[in-house]
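# Working through the structure, step by step
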Amino acid sequence: MERAVRASVAAGGGAGRKVAVAAVQFACTDVEAENVDTAERLIREAHKKGAKVVLVQELFEGHYFCQAQRLDFFQRAKPYKGNPTIIRMQQLAKELEVVIPVSFFEEANNAHYNSVAIIDADGTDLGLYRKSHIPDGPGYQEKFYFNPGDTGFKAFKTKYATIGVGICWDQWFPECARAMALQGAEILFYPTAIGSEPQDGNLDSREHWKRVMQGHAGANLVPLVASNRIGRETVETEHGKSSITFYGNSFIAGPTGEIVKLANDKDEEVLVAEFDLDEIKAIRHGWGIFRDRRPDLYKVLLTLDGEK
């Protein structure tokens, strides 16, 4: 059965609702204007390759500053409304008629969030998702900067598809992917910043990272797009210099979890894959995973310790 599903989807069968999606990856400098220029250049390249929804990596405006706990880094945050990068991406989305999820460091009065604005193909801002799961460990000290997101998981109806967007650490939680799929998300997108572990040079999570998200795609029978950065970034911390080598490996997975496009760990890349969303929808409904769900038995998921 799985082989038949894969073959059918790969064939594209008939005149369904076909949508090409893209993941881009690049090495960030710590100059905002340079990174936004690079993002625009790669979005334009993805558009030339036929992409209708283009994903750029997490916090792409600069270096991944969360290696350190520094008060001056709060100056990188900007309000959601009037944000110049979002406005620029709105103009680009309208020009190219593409959908662009835009990752940014959000300041909301005295709160701060790791957020994504969803820009539709006519330049309309469809709304905001704030990262729900906030990591805290060596090199990834996000709890110093970000409040836990308060938007809840969302599905956004864009011109081409209903999409769900999680952010980096969200991608490790199956509940996030399932919640977006339950709300009608036909494709899942995860902008990311992940690489080496400063405290343990022997730890390499890239294969684990990919397999977990492949599982989200397969468990929900939806395509999935992950965009990660590349390059080595060194940040001055309160304890000296800290460095992370980001491992790229941006990828696009099909609805049975198979990787259909995969970037390497060193090069700037633009990945594009096309899916027939009507065909995938029929397969998803026929598979029965949403028909056979038992929400009445899942109350344990609302606890931290598994006790009812």
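The rules behind these values
Residues numbered from 1 in each chain as written. Predicted model: local features only at pLDDT ≥ 70, side-chain atom pairs only at ≥ 80, totals over all residues. Heavy atoms only, no water. UniProt positions renumbered as here; feature names shortened; annotations may be inferred. Helix = DSSP H or I, 4+ residues; strand = E, 2+ residues; numbered from the N terminus. Buried < 20%, exposed > 50% of the residue type's maximum accessible area, 1.4 Å probe, protein only. Contact = heavy atoms within 4.5 Å. Pairing = 2+ DSSP bridges. Axes fitted to C-alpha atoms, helices over the stretch in contact; angles between N-to-C directions. Salt bridge = Lys/Arg side-chain N within 4 Å of Asp/Glu carboxyl O. Core = buried A, V, L, I, M, F, W, Y, C linked by side-chain atoms within 4.5 Å.

The chain carries the name N-carbamoylputrescine amidase in an unreviewed UniProt entry, which gives Urochloa decumbens as its organism. In its Sequence similarities (unreviewed entry) section, UniProt records this for the chain: "Belongs to the carbon-nitrogen hydrolase superfamily." Comment text from UniProt for the chain, heading Pathway (unreviewed entry), reads "Amine and polyamine biosynthesis; putrescine biosynthesis via agmatine pathway; putrescine from N-carbamoylputrescine (amidase route): step 1/1."

## Quick word on the side chain of T158
Within the secondary structure, T158 sits in the loop between β8 (155–157) and β9 (162–165). Note on T158: relative accessible area 11%, which makes it buried. Sequence-distant contacts of T158, defined by excluding residues within four places in its chain, comprise V99, I118, D120, L126 and I163.

## A word on the sheet that holds strand β14 (residues 251–253)
Pairing is mixed across the open sheet formed by six strands, whose spatial order is β8-β9-β10-β11-β14-β15. Two strands in the sheet have a free side with no partner beyond their single neighbour: β8 and β15 (259–262). The mean angle between the axes of side-by-side strands here comes to 20°, regardless of whether they run parallel or antiparallel. Where β8 lies against β9, three bridges are found, and the strand directions are antiparallel. Across the sheet, the residue bridging to F156 is I163, located in β9. Against the sheet, helix α4 (residues 174–182) touches β8, β9 and β10 (187–191), its axis set at about 140° to β10.

## A closer look at the UniProt feature "domain: CN hydrolase" (unreviewed entry) in the chain
UniProt's entry tags residues 19–277 with the feature "domain: CN hydrolase" (unreviewed entry), counted in the numbering of this structure. Secondary structure content for residues 19–277 is 21% helix and 33% strand, while the C-alpha to C-alpha distance between its ends is 7 Å.

## Some thoughts on the pattern of salt bridges
Evaluated as defined, the whole model comprises 24 salt bridges. For K241, the salt bridge is made with E236, and the minimal N-O distance between the two is 3.0 Å. E236 gets classed as partly exposed once you look at its relative accessible area, which sits at 40%. One connected set of salt bridges, linked through shared partners, spans D37, E40, R44, R88 and E95.

## Considering the nonpolar core
Counting residues in each nonpolar core, the largest one holds 32 residues, and the members touching the most others are Y64, F65, F146, L188, Y190 and L224. At the level of secondary structure, the elements contributing two or more residues to this core comprise α4, β10, α5 (206–220), β11 (224–227), β13 (240–247) and β14. L42, F60, I100 and L128 belong to the second largest nonpolar core, which has 29 residues in total.

## Concerning the pairing of strand β3 (residues 100–108)
Along β3, seven of the nine residues are buried, which leaves the element largely enclosed by surrounding structure. Where β3 and strand β4 (residues 111–119) come together, nine bridges link them in antiparallel fashion. Bridge pairing in β4 links E107 to H112. Hairpin remark: β3 followed by β4, antiparallel, with two residues in the connecting loop; positive phi at N109, about 55°.

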